[in-house]
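Below, each chain spelled out in residue letters.
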Amino acid sequence: MQDKLRRQYQVDREVSRNGYFEGEISLSNLSRVTEMLHPDFDVEHSRVTLKFEFLRNEFDLPLIDGQLDTRLVLECQRCLGSLEKRVLQDFRLMIDASDELVQESSLDTLYSDDGYIDIVEVVEDELILGIPLVVMHEDEWCNEHLPSPDSSEAAVKENPFSVLKQLKTTD
Ligand SMILES: [Zn+2]
């Protein structure tokens, strides 16, 4: 069964009825993500498609299991131009797991706020994980004002001190 998306979910209630949700969230709601995007990117008209369900694993632990899909426009750190990236990400998180379980399990844990979780915060965290730390075009010549790795190597070879050194040894 599918329900309309909202922001807050009561964990106990949704886990006991195996709540399943799908829908869209506007990127403009995700302020921690939008500050990582290209300034010209129209976040107002861009969305994250989302589906998730609440369940209990074999150890009776509540989980949220879902997938998000979106298209982001990032800023190239070399030329400041735009760079499009699709983020399609699965997530599976334990909810309010004990410290012991957190150490044993390979899954991350989400902590509820008084029994409620905020799906917007989950989506923000997952999207931030999906954005590479260093964003650059594949073409290393994308900024003509910056030297390419090759020319900087050439500059080292023509270092005036190395020329002096040569003069000394031949003297
Ligand atoms: Zn670039």
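Residues numbered from 1 in each chain as written. Predicted model: local features only at pLDDT ≥ 70, side-chain atom pairs only at ≥ 80, totals over all residues.

Side note on the overall build of the protein chain
A count of helices and strands for the protein chain gives six helices and eight strands. Mapped from its N terminus to its C terminus, the protein chain presents α and β elements in the order β-β-α-β-α-β-β-β-α-β-β-α-α-α. Put simply, the protein chain has 171 residues, and 16% of those count as buried. Residue pairs at least 24 apart in sequence account for 55% of intrachain contacts in the protein chain once pairs closer than 6 positions are excluded. (Helix = DSSP H or I, 4+ residues; strand = E, 2+ residues; numbered from the N terminus. Buried ≥ 20, exposed ≤ 12 C-beta atoms within 10 Å, placed from the backbone. Contact = placed C-beta atoms within 7 Å.)

Re the nonpolar core
Residues Ile64, Ile95, Leu110 and Val123 are the most contacted members of the largest nonpolar core, which totals 22 residues. Of all elements in the fold, only α1 (11–16), β4 (47–56), β5 (62–75), β6 (82–95) and α4 (119–130) reach the threshold of two or more residues within this core. If you tally residues by element for this core, the top one is β4, at four residues. Non-local contacts of valine 123, meaning those with residues more than four positions away in its chain, are made with Ile25, Leu30, Val48, Leu50 and Leu68. (Core = buried A, V, L, I, M, F, W, Y, C linked by C-beta atoms within 7 Å.)

Things to note about the environment of glutamate 75
Relative to the helices and strands, glutamate 75 is located in strand β5. Here glutamate 75 falls in the partly exposed class, since 18 other C-beta atoms lie within 10 Å of it. Excluding anything up to four places from it in sequence, glutamate 75 contacts His38, Leu80, Ser82 and Val135.

Examining the confidence of the model for the protein chain
Across the protein chain, the average pLDDT comes to 87, with 83% of residues at or above 70. Long-range and interchain partners of residues 153–157, a stretch whose pLDDT sits below 50, account for zero contacts in this model, where long-range means more than four residues apart. (pLDDT = per-residue confidence, 0-100.)

What to know about the environment of threonine 70
Counting through the fold element by element, threonine 70 comes out in strand β5. For threonine 70 and valine 48, which are 22 residues apart along the polypeptide, the C-alpha to C-alpha distance reads 4.8 Å. Beyond its immediate sequence surroundings of up to four residues, threonine 70 is in contact with Arg47, Val48, Thr49 and Val87.

Thoughts on α4
End to end, α4 covers 17 Å across 12 residues, agreeing with the expected 16 Å (1.5 Å per residue, within 8%). Among all positions in α4, only Val123, Glu126 and Leu127 are buried. Down the axis of α4, the sector holding all buried residues measures 100°, keeping them to one side. Exposed positions of α4 whose direction lies more than 90 degrees from the buried face are Ile128 and Leu129. Where α4 is buried, its residues touch β3 (20–26), α2 (31–34), β4, β5 and β6. (Expected span 1.5 Å × (residues − 1). Arc of directions from axis to C-beta.)

Quick look at the environment of valine 102
Within the secondary structure, valine 102 sits in helix α3 (residues 99–104). Look past the residues within four positions of valine 102 in its chain and what remains in contact with it is Ala97 and Thr109.

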